[in-house]
Amino acid sequence: MLPEHEISRLSEEFETKTPLEIVQWAADTFWPEIAMSSSFQTQSMPLLHMVTHLKRAIPVFFIDTGYHFWETLMFREKIAAEWKFNVIDLYRDPRWDLFVRQNIRTLPLEDPNLCCYLHKVQPMQEALKDVKAWISGIRRDQTSNRAQASILELQDNGLLKINPLLNWTKADVQKYMEEHNLPKHPLYEKGYKSVGCAPCTVAIGANDDERAGRWAGKDKVECGLHTDMFHKKDIVDVQNQFKTDMTKVK
Ligand code: SF4
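None of the values given here were measured: they were computed from a predicted structure. (Residues numbered from 1 in each chain as written. Predicted model: local features only at pLDDT ≥ 70, side-chain atom pairs only at ≥ 80, totals over all residues. Heavy atoms only, no water.)

S.K.: With reference to specific residues and values, describe the pattern of salt bridges.
M.R.: Per the counting criterion, the structure on display carries 17 salt bridges. For glutamate 6, the salt bridge identified is with arginine 9, shortest N-O distance 3.0 Å. Of this pair, glutamate 6 and arginine 9 both sit in helix H1 (residues 4-14), three residues apart, which is roughly one turn of that helix. The shortest N-O distance in the salt bridge between lysine 129 and glutamate 126 comes to 2.6 Å. Residue classification places lysine 129 among the exposed positions, given a relative accessible area of 59%. Relative accessible area serves as the criterion here: at 47%, glutamate 126 is assigned to the partly exposed category. (Salt bridge = Lys/Arg side-chain N within 4 Å of Asp/Glu carboxyl O. Helix = DSSP H or I, 4+ residues; strand = E, 2+ residues; numbered from the N terminus. Buried < 20%, exposed > 50% of the residue type's maximum accessible area, 1.4 Å probe, protein only.)

S.K.: I'd like to hear about the site of the ligand, residue by residue, with values.
M.R.: In the neighbourhood of the ligand, the contacting residues comprise Tyr67, Pro108, Pro112, Cys115, Cys116, His119, Lys120, Cys197, Cys200 and Trp215. Examining the composition of the shell around the ligand, we find that five residues originate from one element, helix H7 (residues 112-128), more than from any other. Its residues placed into classes, the shell around the ligand shows eight nonpolar, one polar and one charged. (Near = heavy atom within 4 Å. Nonpolar A, V, L, I, M, F, W, Y, C, P; charged D, E, K, R; others polar.)

S.K.: Describe the pairing of strand E1 (residues 34-37), with residues and values.
M.R.: Going residue by residue along E1, you find Ile34 and Met36 tucked away on one face and Ala35 and Ser37 tucked away on the opposite face as well. Two elements, E1 and strand E4 (residues 133-135), share three bridges in a ladder whose sense is parallel. Note on E4: the bridge partner recorded for isoleucine 34 is alanine 133. Relative to strand E2 (residues 60-63), E1 runs parallel, the two being bridged by two bridges. Paired with serine 37 across the bridge in E2 is phenylalanine 61. Handedness of the crossover joining E1 and E2 through helix H3 (residues 45-51): right-handed. (Pairing = 2+ DSSP bridges. Right-handed = clockwise from strand over helix to strand, strands pointing away.)

S.K.: An account of the pairing of strand E3 (residues 87-90) is needed here, citing residue identities and associated values.
M.R.: Where E2 meets E3, four bridges bridge the pair, whose relative direction is parallel. Along E3, the bridge assignment pairs valine 60 with valine 87. Handedness of the E2-helix H4 (residues 70-82)-E3 crossover: right-handed.

S.K.: Can you lay out the environment of methionine 246 for me, pointing to particular residues and giving the numbers?
M.R.: Mapped onto the fold, methionine 246 is located in the segment after helix H10 (235-238). For methionine 246, a relative accessible area of 6% puts it in the buried group. Here the alpha-carbon distance between methionine 246 and isoleucine 235, two residues eleven residues apart in the chain, equals 7.7 Å. Here methionine 246 is in contact with Trp96, Phe99, Leu114, Ile235 and Gln239, once residues within four sequence places are set aside. (Contact = heavy atoms within 4.5 Å.)

S.K.: Which residues make up the side chain of serine 37, and what values do they have?
M.R.: Counting through the fold element by element, serine 37 comes out in strand E1. Accessibility expressed as a relative area gives 14% for serine 37, which makes it buried. Within the structure, serine 37 has its side chain in polar contact with the side chain of tryptophan 134 (distance 2.9 Å). (Polar contact = N/O pair within 3.5 Å; in protein donor to acceptor, adjacent residues only side chain to side chain.)

Structure, rendered in C-alpha cells:
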C-alpha cells in the first residue's frame, strides 16, 4: 500500500483530474487486487462505462439484498452481459437467515439501519477483505456526509477507497449519459431518480433532490457503506444504531 502522505498528496492532485484518469490510475496501481461496487442505477452508468475502457477487467460487486426491484435485477443482467462485466453478487451472512425470515416484512421499515447493516455493510466488508482498493461512485453533491469525503480514503484496515466521481454533479452525470447515449434504469423515467431497495424507495418529483426518494420520511439518508458504520468491526460495535437489540437475537 502507498504511504499515507502519498495518498493525501495524490488525493489533492486528483481533485483536478478527470474520473477516467483516476480510474485508470487505480487499475494500473492495484490490479488485480481491486474491485468496484455498483448498484446499477442510472447514476452508476458513467462509472461503469468508464471501466469498460480499461484494459483490465475490474470485478463489480453488486449487493443482492433480496429486496431489489425486479427492474433492477433485469437491468443489472442486461448491462453485465452487454458490457461484459464480471459481476459478483454479495449476500448477507447465512447466519442471519432465520432472523431475517422471521422479520422479513417489518425489518426494512422498522429497523432500516439494521437491515442495511446485515444486507449491505457486512457483505461488502467481507468481500473487500480480498482486495486492496475499492472504487465507489459517490458524489459530494449527493448528501452532507458525502460532501466531506476525499477522492482517496485510506481505511483503518488498510483498504484504499477511491471515489473518482466525487467532484461531479448531477448535471455532469446527465451530460456524460447524453454524450455517450447510455441506458437508464427502467424506473428512472417513472420518477425513481435514485433506486435502492423496493421497500425503501419511492418515486419523486422532477424538482426534488436526487435522493429524496430513499428512506423517504425517515431520519436516514445513507445505507452505511459510506459512513462510520462501515468501519465498525462487528454488530456489537454498531448496536446503538439499531432499534432491535441484537444481543438478544439467537
Ligand atoms: S435499503 Fe431498505 S431493504 Fe435495502 S437493505 Fe437497507 S433497509 Fe433493507
